[in-house]
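Descriptive structure summary
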Amino acid sequence: MKRYFPAAISLLAVVFTALAIQSCTKDQGADPALSNPKTTGTIDSTRLVDVKYSEDIKPLMTTYCLGTGAQRCHVSNSSTVAPGDFTSYDELKQRVDEGLIEYKVFGPSANMPPTYSTGPKQFDATDLAVFKKWVSDGAPNN
């Protein structure tokens, strides 16, 4: 039985070393909002250069936030309890200023789009990065 003891210690040392290396090599600088499990794909950084509401954000709202068919979300005649009509700049900007977008879309417990969505249930990583950049730039009406 004594001959197995050094082998067990060696195995434990290897396991602990591997765990230590893994935790040290984890990207500590990554933006947690962009590593959100509710995203798919990789980020196309060329789309982050000059983000505009009319060209970039409004189409994202249509794709991810307005719902389809009987499920109408973030529109004036919403069939859900979704706060705000995101078909217009003013209400979306209001939600950005209130911090609701940061919390619901980019925060650690982000839950938009919801799992019950009839549209996409996850943001494309580039779309999320574009949206986050626009918000961090002050959500300009451009």
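Now for a look at the structure at hand. (Residues numbered from 1 in each chain as written. Predicted model: local features only at pLDDT ≥ 70, side-chain atom pairs only at ≥ 80, totals over all residues. Heavy atoms only, no water.)

**Topic: the pattern of salt bridges**
Using the following cut-off: Criterion for a salt bridge: a side-chain nitrogen of Lys or Arg within 4 Å of a carboxyl oxygen of Asp or Glu. In this text, helices come from DSSP runs of H or I with a minimum length of four residues, and strands from runs of E with a minimum of two, each type numbered from the N-terminal end. Working definition: with a 1.4 Å probe on protein chains only, accessible area under 20% of the residue-type maximum means buried, over 50% means exposed, and in between means partly exposed.
Enumeration according to the criterion identifies six salt bridges in this entry. The partner of Arg 47 in a salt bridge is Asp 127, and the shortest N-O contact between them spans 3.0 Å. You can see Arg 47 sitting in the loop between β1 (39-40) and α2 (53-64) and its partner Asp 127 sitting in helix α5 (residues 125-136), a full 80 residues away along the chain. The partly exposed category is assigned to Arg 47, whose relative accessible area is 31%. Given a relative accessible area of 11%, Asp 127 falls into the buried group. Linking Glu 102 and Lys 132 is a salt bridge whose minimum nitrogen-to-oxygen distance equals 3.8 Å. Residue Glu 102 is found in helix α4 (residues 100-106), and its partner Lys 132 is found in helix α5; the two are separated by 30 residues along the sequence. Residue classification places Glu 102 among the partly exposed residues on the basis of a relative accessible area of 38%.

**Digging into the side chain of Asp 56**
In plain terms, the rule: We count Lys and Arg on the positive side and Asp and Glu on the negative side, and we leave His and both chain ends out. In protein, a polar contact requires one atom able to donate a hydrogen and another able to accept it; more generally it is a pair of N or O atoms within 3.5 Å, and residues adjacent in sequence count only if both atoms are side-chain atoms. Residue contacts are defined here by distance: any two heavy atoms, one from each residue, within 4.5 Å place the two residues in contact.
You can see Asp 56 is positioned in helix α2. No salt bridge is formed by the buried Asp 56; its nearest oppositely charged neighbour, Arg 47, is found at 4.9 Å. Separated by 2.7 Å, the side chain of Asp 56 and the backbone nitrogen of Lys 52 make a polar contact. Apart from residues lying up to four places away in sequence, Asp 56 is in contact with Asp 50, Val 51 and Val 130.

**Side note on the side chain of Thr 126**
Mapped onto the elements, Thr 126 comes out in helix α5. Within polar-contact distance, the side chain of Thr 126 engages the backbone nitrogen of Asp 44 at 2.7 Å. Those residues in contact with Thr 126 that sit more than four places away from it in its chain are Thr 42, Ile 43, Asp 44 and Arg 47.

**Observations regarding the nonpolar core**
Here is the rule we go by: Working definition of a nonpolar core: buried Ala, Val, Leu, Ile, Met, Phe, Trp, Tyr and Cys residues. They are joined through side-chain atoms within 4.5 Å.
In this structure, Ile 57, Met 61, Leu 92, Ile 101, Phe 131 and Trp 134 are the most contacted members of the largest nonpolar core, which totals 22 residues. If sequence neighbours within four positions are ignored, Met 61 has contacts with Leu 66, Phe 86, Leu 92 and Phe 131.

**Some details on the packing of aromatic side chains**
Applicable threshold: Whether two aromatic rings pair depends on their centres lying within 6.5 Å, for rings of Phe, Tyr and Trp, where Trp uses its six-membered ring; planes under 30 degrees apart make the pair stacked, over 60 edge-to-face, and the rest tilted.
Taken as a whole and judged by the stated rule, the model has seven aromatic pairs. For the pair Tyr 53 and Tyr 89, a centre-to-centre distance of 5.2 Å together with 80 degrees between the ring planes defines the contact as edge-to-face. Of this pair, Tyr 53 sits in helix α2 while Tyr 89 sits in helix α3 (residues 89-98); the two residues are 36 residues apart in sequence, bridging distant segments of the chain. Through successive ring pairs, a cluster of aromatic residues spans Tyr 53, Tyr 64, Tyr 89, Phe 106, Phe 123, Phe 131 and Trp 134.

**Focus: unusual backbone geometry**
In the segment running from Met 112 into Pro 113, the intervening peptide bond is cis, with an omega of -5 degrees. Tracing the backbone through its elements, the reader meets Pro 113 in the loop between α4 and β2 (123-124). Of note, Ala 139 is a non-glycine position whose phi angle comes to about 55 degrees, a positive value. Mapping Ala 139 onto the fold places it in the segment after α5. Relative accessible area serves as the criterion here: at 0%, Ala 139 is assigned to the buried category.

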